[in-house]
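Examining the three-dimensional arrangement
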Amino acid sequence: MSEAASAMPLDILIVGAGFAGLYMLHKARRQGLNARVIEAAPSVGGTWYHNRYPGARVDIQSMEYSYGFDEALQQDWHWSERYASQPELLRYANHVADRFALRDGIQLCTRIAAAHFDEEHKCWQVRAATGEAWSARFLVMASGPLSSPNRPDFDGLQDFSGPVMHTADWPHEPVDFSGQRVAVVGTGSSAVQAIPLIAQQARELIVFQRTAAYAAPAHNGPLDADFEATIKRDYAGFRARNRRMHGGFSAALPPNPVSALAVSDEERKSAFESRWRIGGFALLGAFNDLLLNERSNALAAQFVRNKIAAIVEDPATARLLQPTHTLGCKRLCVDSGYYATFNRPNVRLVDISTQPIERFTPTGLKTGAREFDFDALVLATGFDAMTGTLMRLDLRGRGGLTIQHKWHAGPLNYLGLGIAGFPNLFNIAGPGSTSAFTNIIVAIEQHVDWIAECIAHLDAQGLATIEPSEAAETTWTEHVNAAARRTVFLSCNSWYLGANIPGKPRMFMPLASGFPQYAQRCAEVARKGYEGFVLA
Ligand code: NAP
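Position numbers for residues count from 1 along each chain, tracking the sequence in the order it is written. Confidence filtering applies because this is a predicted model: local features only for residues at pLDDT of at least 70, side-chain atom pairs given and counted only at 80 or more, and all residues used for totals across whole chains, interfaces and linings. With hydrogens and water set aside, each side-chain value is computed from the structure's full complement of heavy atoms.

Focus on helix α15 (residues 440-461)
Think of an α-helix as turning once every 3.6 residues; residues three or four places apart then point the same way. In DSSP terms, a helix is any run of H or I states spanning at least four residues, a strand is any run of E spanning at least two, and both are numbered starting from the N terminus. In a helix, the anticipated span is given by 1.5 Å times the number of residues less one. The terminal C-alpha atoms of α15, which comprises 22 residues, lie 31 Å apart, in line with the 32 Å expected from a rise of 1.5 Å per residue. Where α15 ends, the next residue or the one after it, Gly462, has phi of about 70°, a positive value.

Considerations on the packing of aromatic side chains
Here the distance between the centres and the angle between the planes together describe a pair of aromatic rings. Side-chain rings of Phe, Tyr and Trp, where Trp is taken by its six-membered ring, are said to pair if the distance between their centres is within 6.5 Å; with planes under 30 degrees apart they count as stacked, over 60 as edge-to-face, and otherwise as tilted. Going through the model one piece at a time under the given rule, you end up with 39 aromatic pairs. Here Trp450 and Phe533 contribute two aromatic rings whose centre-to-centre distance is 5.7 Å and whose plane-to-plane angle is 40°, an arrangement assigned as tilted. On the criterion of sequence distance, the pair formed by Trp450 in helix α15 and Phe533 in strand β20 (residues 533-535) is long-range, its members being 83 residues apart. Buried means the residue's accessible area, taken with a 1.4 Å probe over protein chains only, is under 20% of the maximum for its type, while exposed means over 50%, and partly exposed covers the values in between. By relative accessible area, Phe533 is classed as buried at 10%. Of the aromatic side chains, those joined through ring pairs into one cluster are Phe19, Tyr23, Trp48, Tyr65, Tyr67, Phe69, Trp77, Trp79, Tyr92 and Phe100. Ring-over charges, as used throughout, are those where CZ of Arg or NZ of Lys falls within 6 Å of the ring centre and within 35 degrees of the ring normal. Cation over ring: Arg52 sits above Tyr49, and NZ or CZ is 4.8 Å from the ring centre.

Quick word on the sheet that holds strand β8 (residues 181-185)
Strand order across the open sheet formed by five strands is β7-β16-β8-β9-β12, with parallel pairing between neighbours. Edge strands, defined here as strands with exactly one partner in the open sheet, are β7 (164-166) and β12 (347-351). Strand-to-strand twist in this sheet, taken as the mean axis angle between neighbours without regard to direction, amounts to 20°. We treat two strands as partners when DSSP finds at least two bridges between them. Across five bridges, β8 lies against strand β9 (residues 204-209) in parallel orientation. Looking at the pairing, Val182 lines up with Leu205 of β9. Working convention: axes come from line fits to C-alpha atoms, limited for helices to the stretch in contact. Angles between N-to-C directions cover 0 to 180 degrees.

Description of the sheet that holds strand β15 (residues 370-373)
Reading across from one edge, β13-β14-β15 is the order of the three strands in this open sheet, with antiparallel pairing throughout. Where the open sheet ends on each side, the last strands, each with one partner, are β13 (359-361) and β15. Recorded for the sheet is a direction-independent mean angle of 25° between the axes of neighbouring strands. Two elements, β13 and strand β14 (residues 364-367), share three bridges in a ladder whose sense is antiparallel. If you follow Arg359 over to β14, its bridge partner there is Lys366.

Right under this line is the structure:
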């Protein structure tokens, strides 16, 4: 146990130094709380530290994907591009750590292995893999919804003689694919960003696709100075307007308030075209029911398939690239030249939907009757999303209840923030909250503010613990399911459902009812004396 730990328990132990952990630490300190961040990586930045594959960048515009809690910070910081790249986002995280003097509260290179709730002392006993230990009144999981890479259990992968890289755990030394034959497995957001750049460098690129992806063009470029100046003239107002949006962003381009079924073919095409020209998620707002109504969705999906057919020269490749599932059911990818990359002579698309990867060999892989040889392998196979990081911890609540037992059928929780049986534990941007359906920084700020206010309330009242009631948790879980049932999100095998991980329970994890309604509910719960929680 560290000296600091044995001397005095912390008020808050925060797991993770990404955007959530940094702001939680800052907020806690401003409130006079003794907080400490424990981070496994050797740097702050979370997602933006690990996901450093070629082309990694944010899919929400930089002016929106940034903290709004400090006016001077948002005025001073300048983004160079419309969609910031991973290195710039990492610089931003480091800038925030320095600017708010957070570094002395962050312990890097330390992986939390266990956290047990000590009922007698009403605090968390937390232990790192190194054996170092802390006790803390509150445990805040700021470990991110997409932080445990999914490494499928491919037969023979250990026999492959070349380098194997995962997009979510990319090497820190430069990777040079020049002259190499490279294979990419996966075609989600990470692959869609990486493939165009790998293709420019590699001698040959083979993309193994299980499910085709919908991608809308980012139209990325240098940030327009007039646009930046306009926002900065009233940044607070811009943030406030965004917080009133379903996804916590894009107030400047609200969804068209009509159904795709209520307009003529010509009007519909023109709406899709204009949103496609704007780029990114704008397409999903071309009408107000694209994610709610299968028929409206099918029209938008066909629009994207037509775009793919127009971009990709080889008709057979174009057909393979055209997704057949519901648009947006898996997160829409935002790309820079993804489909056009398949016009390059050095790029080949291999459909593994019916003949999956059977095994890896020392020189490549086998699918059914076919064998492929390559020099380097990129796994762009995503994450054990939303629950993976907590489920890998030895996390025990009241009476030794393990998180693995508690969540064996799916991540039960209340407001996404608390878990019955796990007092004084808060989870930021995890299952049960709007999480990845929201501009995640907006979601993080709302959660951190709520948690800080909750702790202030407990302290003011002289209360030691807070924990959701099982009844509130059951009702909330049904609310999350019901919100998903009103959308098209249940119609495909996405990570939102846990369907990308063999054996993972299928439960729709993020809350689809929209950020404003969710934030209002959280505020109401607090106003009503933390309704649904048991305070002791
Ligand atoms: P992902 O969307 O889950 O994509 C993983 C890909 O790997 C899918 O194409 C999947 O196919 C494939 N795959 C998984 N297991 C496989 C197996 N055993 N055999 C063959 N193929 C397999 O993961 P991701 O691309 O890393 O993105 C995850 C999320 O991170 C995104 O949805 C987004 O929220 C976030 N992200 C955002 C950005 C951004 O633009 N800012 C960039 C990257 C990631 P199936 O579809 O058939 O499962």
